[in-house]
Amino acid sequence: MYQGNPDREQHNAEQPPPSSAGGARETIIVVGQEGQVKQPQLERRKGKLASKFPLVNISRNLLLAYQSLGVVYGDLSISPLYVYRSIFAGKLQDYQTPEAIFGAFSLIFWTITLIPLLKYVFVVLSADDNGEGGTFALYSLLCRHAKFSLLPNQQAADEELSAYKYGFAGQSTSSLALKRFLEKHKKSRTILLIVVLVGACMVIGDGILTPAMSVISSMSGIKAAAEHLSHGEVLLLSCLILVALFALQHSGTHRVGFLFAPIVIVWLISIFGIGLYNIIFWNPKIVSALSPYYIIKFFRVTRKHGWMSLGGVLLSVAGTEAMFADLGHFTACSMRIAFSFLVYPCLVVQYMGQAAFLSKNIASIPNSFYNSIPDSVYWPVFVIATLASIVGSQSIITATFSIVKQLNALGCFPRVKIVHTSRNVKGQIYIPEINWILMILTLSVAVGFQDTILIGNAYGLACMTGMFITTFLITLVMIFVWQRNIALATCFLLFFWFIEGVYLSSAFTKIPQGGWVSLVLAFVFLFVMFVWHYGTRKKYNFDLHNKVPLKWFLGMGPSLGIVRVPGIGLVYSELATGVPSIFSHFVTNLPAFHSVLVFLCVKSVPVPYVSPEERFLIGRICPRSYRMYRCIVRYGYKDIHRDDGDFEDLLIQSIAEFIQMEAVEPQCSSSETPSFDGRMAVISRKTVQSTTTLIVSEDFGMSEAIQSSKSLTLQSLRSAYADENPQMRRRRVRFQLPENPGMDPAVRDELQDLIQAKEAGVAYIMGHSYVKARRSSSFLKKFVVDIGYSFLRKNCRGPSVVLNIPQISLIEVGMIYHV
């Protein structure tokens, strides 16, 4: 149980939440079923101890390594289809010599070795956030170790979540000055968020470009073998495959995932065998190109044109970012095993084999992969290549869904429908709106360019920009989370920024030849994110500065000067403290409210997952006689807001448990103290299930729920609604007070009022807001708020739909926000 004053939400929304590294902290008391004090960090410490001995779980890691091949490495493993063709496109066609082929392979080899193997496998995979990876995992770690967060409704109580603590508690002297400088300037925090959002935009861009690139590349094999097919027919076949790919997304990765790993394994073994055959049969001397000396020779001859060809070389590492983004589904050890012992050697041998073939067959460069396949195995390899390209596309589409989900939790993306496609794997989700938008944009790219060279230019720019941003964020994690020396972190930054910067500068030269697509897509998505985040923060600031003062409640008395009708009113608000302005707006126009009021805040916290035992924070507003409570429901940035069907019942039990705890434990008693808002308790589901505060009985159907209402009109309306919605006929819970003569009479009366209010019915009160810019605002602000933000709000999911609120019990209060 958490007890203290977590009501330290920023009264100025521009100020960040308190850092976990210092400052005043609150008291934590974890109370179990028998009253003993528990240690919430015990399980996490055991996990860390087990992670030091990976050999104990070697069988589990091998199984996860097998599964990761189908989910993570599909995109990376299909790059041999188009890399050499992209390298020798453009002006490098004049340098198609065996020496240039050797130099190109040497470039590919060292690029794969330095970026995926050295940087990602040995460094980046270690920067997990409680097992989660990706750009937002790094941002979450930074926000918890420094005051970088721009999430407005964070509390000090959030720092006591078991998943919140990570790494070292203190700060080294070398990083303290830099930390204070970045925390002091709000612009630095805004720039950090923009950098994270740009990285997210590039991942979404990958989700658009990867399917078009991979499918069209694999289809080029059928045109090479069946010359009678026209270019338009091959393009039509590619589009049909893309439509089928996106149409299958609704079934979920778990239903087709069992096919993915075998396909990728067969593909990797196939390209390994083909590469080995080509090395032996065509030119065994290609082994000498492993020396970086051939890179020097390559640039000595090609000069500027060789630098411009690096945009094609970087396609060999496209898909590397998925290794880190999909870390939450696996373990770092399993992904290291899969890449180091299978993916890496197979890719190296395949690229070496293609180079050996091309060194003796220069004219085959435009279709290097398929021409290097022996005739006897051509069609089987073509079928496997097509299936592998679909698998590679699937992985980046799934990653895009996860990115959008995390953006939504950050308040940087409009509300969308999120479907959880697996009961066993948390991260497998499906977003219908995003899926069809991706399909339309992917088909537009495929039909508009019809050439893998142009698509590859945009593809490479998006991939390298994402890697460039990851390097920057990893450096900050080294300084603020891992407590490494700034000089060491700077060396890491400069080394990889130099390598990636050279590739990125080459990719920028391809902007006129298709690279502009990545920039346009990134700009569009970034504009949507900025508009939504800006409008959301302005709306929150309005609520924050127009809260109803508690003095008004205390002056009105327990009845609040209005009629208190039977029932429970759940008032939804984004505020974690205080009473929202929609409440005063409601009672001003309709002077009646429910006998029990619960101010409910559903918010995201900067951790990947919040355990059910820590999800609910329960507290009281005003003295006991007012019957007003506060409930804060906390979700992580990768949690799914599910409709478990028992939210109302769990909420009632949690409030009852809080009432009982408040009476039993002296430190919980706050109803007669000057602070009537802010002292809250963590009520775990296990505690609720084991409590004897209320007697719970269950039955099924809607008949008793309908008859419990005193209004005949409401009974008939609910009956008609139940007839039209058979899914509403579900389990119903009835509460009763136990026979306990020793119970405090005041507590018994409060619990009895709570039970009677529940029997009378529950109403959900939510604001239906219209956000408008003030008349004195600038033209740009009016455009962003009145046009951009209003358009997004009208065309996205409503908050009641996202929060699974039953429409029959919903009351919306209209308000105009002048921001």
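In what follows, the structure referred to is the one given above.
Throughout, a residue's number is its position along its own chain's written sequence, starting from 1. Note on the predicted model: pLDDT of at least 70 is required for a residue's local features to be given, and 80 or more for side-chain atom pairs to be given and counted; whole-chain, interface and lining totals, by contrast, use all residues. Water and hydrogen atoms play no part in the side-chain values, which are based on all heavy atoms of the structure.

Note on conventions: DSSP H or I runs of at least 4 residues are helices, E runs of at least 2 residues are strands, and numbering of each starts at the N terminus. Within the chain one finds 30 helices and 11 strands. Per-residue accessibility, obtained with a 1.4 Å probe over protein chains only, is compared with the maximum for each type, and a residue is labelled buried under 20%, exposed over 50%, and partly exposed between these values. Counting all 819 residues of the chain, 58% fall into the buried class. Considering only contacts in the chain between residues 6 or more positions apart, those separated by 24 or more positions represent 84%. The method behind every accessible area is Shrake-Rupley, applied with a 1.4 Å probe, and residues are considered shielded solely by the protein chains displayed. When the accessible area of the chain is evaluated, it comes to approximately 33,700 Å², of which 63% is carbon and sulfur surface. Only heavy atoms enter the contact rule, under which two residues are in contact if any of them lie within 4.5 Å.

With that settled, the discussion passes to a nonpolar patch on the surface. Distance thresholds for patches are 9 Å for like charges and 5 Å for nonpolar side chains (Val, Leu, Ile, Met, Phe, Trp, Tyr), applied to residues having over 30% relative accessible area and no salt bridge. Whenever Lys or Arg places a side-chain nitrogen within 4 Å of a carboxyl oxygen from Asp or Glu, that contact is recorded as a salt bridge. Residues W516, V520, F523, V524, F527, F779, L780, F783 and I787 make up a contiguous nonpolar surface patch of about 950 Å² in total accessible area. Taken together, the elements giving at least two residues each to the nonpolar patch come down to α21 (511-545) and α29 (779-795). Per-element accounting of the nonpolar patch gives the leading share, five residues, to α21. Tracing the chain through its elements places V524 in helix α21.

Our focus in this paragraph is helix α19 (residues 452-480). The end-to-end C-alpha distance of α19 is 41 Å, a good match for the 42 Å that 29 residues give at a rise of 1.5 Å each. Across the 29 residues of α19, 26 count as buried, placing the element largely inside the fold. Polar contact is defined as a pair of N or O atoms within 3.5 Å, subject to the rule that within protein one atom must be able to donate a hydrogen and the other to accept it, and that residues adjacent in sequence are counted only when both atoms are side-chain atoms. Backbone nitrogen of I453 and a side-chain oxygen of the N-cap are separated by 3.1 Å at the start of α19; the cap is D451. To estimate how far a helix should extend, the number of its residues minus one is multiplied by 1.5 Å.

Y73, W267, F339 and L407 are the most contacted members of the largest nonpolar core, which has 168 residues in total. In this structure Y73 touches S68, M323, M335, A338, F339 and V343, once residues within four positions along its chain are discounted. Put simply, buried Ala, Val, Leu, Ile, Met, Phe, Trp, Tyr and Cys residues joined by side-chain atoms within 4.5 Å make one nonpolar core. Within the second largest apolar cluster, 35 residues are counted, among which are L650, I683, L737 and L810.

Turning to the pattern of salt bridges, a few remarks are in order. Inspection of the entire model under this criterion finds 12 salt bridges. Here E750 ties to R624 by a salt bridge, and the two come within 3.1 Å at their closest N and O atoms. With a gap of 126 residues between them, E750 in helix α28 (residues 745-760) and R624 in the loop between β5 (616-621) and β6 (628-635) connect regions that are remote in the sequence. Taken together, the shared-partner salt bridges in this structure form one network comprising R620, R624, E662 and E750.

Looking at the element boundaries, D543 is found in helix α21. Filtering out sequence-adjacent residues up to four positions away, D543 remains in contact with L575, S581 and Y817.

Counting through the fold element by element, G311 comes out in helix α13 (residues 310-313). Considered as a pair, G311 and F508 are 197 residues apart in the sequence and their alpha carbons are 8.5 Å apart.

Let us now look at unusual backbone geometry. Here Q483, not a glycine, exhibits a phi torsion of approximately 60°, which is positive. With respect to the element layout, Q483 can be found in the loop between α19 and α20 (486-508). Despite not being glycine, C622 has its phi angle at roughly 70°, a positive value. Mapped onto the fold, C622 is located in the loop between β5 and β6. We classify C622 as buried; its relative accessible area is 1%.

Below, the discussion takes up the pairing of strand β3 (residues 563-572). Here, strands pair whenever DSSP counts at least two bridges between them. Strand direction decides the pairing type here: β3 and strand β4 (residues 592-604), joined by eight bridges, are parallel. Of the residues in β4, the one forming a bridge with G569 is L597.

Below, the discussion takes up the packing of aromatic side chains. Classification of ring pairs uses Phe, Tyr and Trp, with its six-membered ring standing for Trp, and accepts pairs whose centres are within 6.5 Å; under 30 degrees between planes counts as stacked, over 60 as edge-to-face, and the remaining range as tilted. Under the defined criterion, the tally for this structure stands at 31 aromatic pairs. Pairing Y277 with F281 gives two aromatic rings, centres 5.4 Å apart and planes at 10°, and the pair type is stacked. Within this pair, Y277 and its partner F281 are both found in helix α10 (residues 253-281), separated by four residues, close to a single helical turn. Following the ring pairs from residue to residue traces out a cluster consisting of W267, F369, Y370, Y378, W379 and F382. The rule is short: NZ of Lys or CZ of Arg within 6 Å of the ring centre and within 35 degrees of the ring normal puts a charge over the ring. Over the face of the ring belonging to Y817 we find K539, whose NZ or CZ atom lies 5.1 Å from the ring centre.

Glancing now at the environment of A385. Looking at the secondary structure, you find A385 in helix α17 (residues 378-409). The exposure class of A385 is buried, given its relative accessible area of 0%. C-alpha separation for the pair A385 and G221, spaced 164 residues apart in sequence, amounts to 9.0 Å.

Within β5, six of the six residues are buried, which leaves the element mostly enclosed by the surrounding structure. Here β5 shows no split at all, with F616, I618 and R620 on one side and L617, G619 and I621 on the other all buried. As defined by bridge partners, β5 adjoins β6 across five bridges and the pair is classed as antiparallel. Its bridge partner being in β6, R620 is matched across the sheet by Y629. Where β5 folds back on β6, the antiparallel hairpin that results is connected by six residues, among which C622 adopts a positive phi of roughly 70°.

Running from amino to carboxyl end, helix α9 (residues 231-247) crosses α17 at an angle of 45°, the nearest separation of the two axes being 11 Å. In this view, α9 runs oblique relative to α17, as classed from their interaxial angle. Crossing handedness for the pair α9 and α17: right-handed. On α17, the residues touching I241, L245 and F246 of α9 are T386, I390, S393, Q394 and I397. Classifying every residue of the contact of α9 with α17 by side-chain character gives five nonpolar, three polar and no charged. Where helices are involved, their axes are fitted lines through C-alpha atoms of the stretch in contact, as for all axes, and angles between N-to-C directions lie from 0 to 180°. Oblique is the label for any angle not covered by the other classes, which are roughly parallel (under 35 degrees), roughly antiparallel (over 145) and roughly perpendicular (65 to 115). Each crossing is labelled by how the near helix is turned from the far one, with a counterclockwise turn of less than a right angle marking it left-handed and a clockwise turn marking it right-handed. Residues are grouped as follows: nonpolar covers Ala, Val, Leu, Ile, Met, Phe, Trp, Tyr, Cys and Pro; charged covers Asp, Glu, Lys and Arg; every other residue, Gly included, is treated as polar.

Interpretation note: all reported values are geometric properties and have no functional meaning in isolation.
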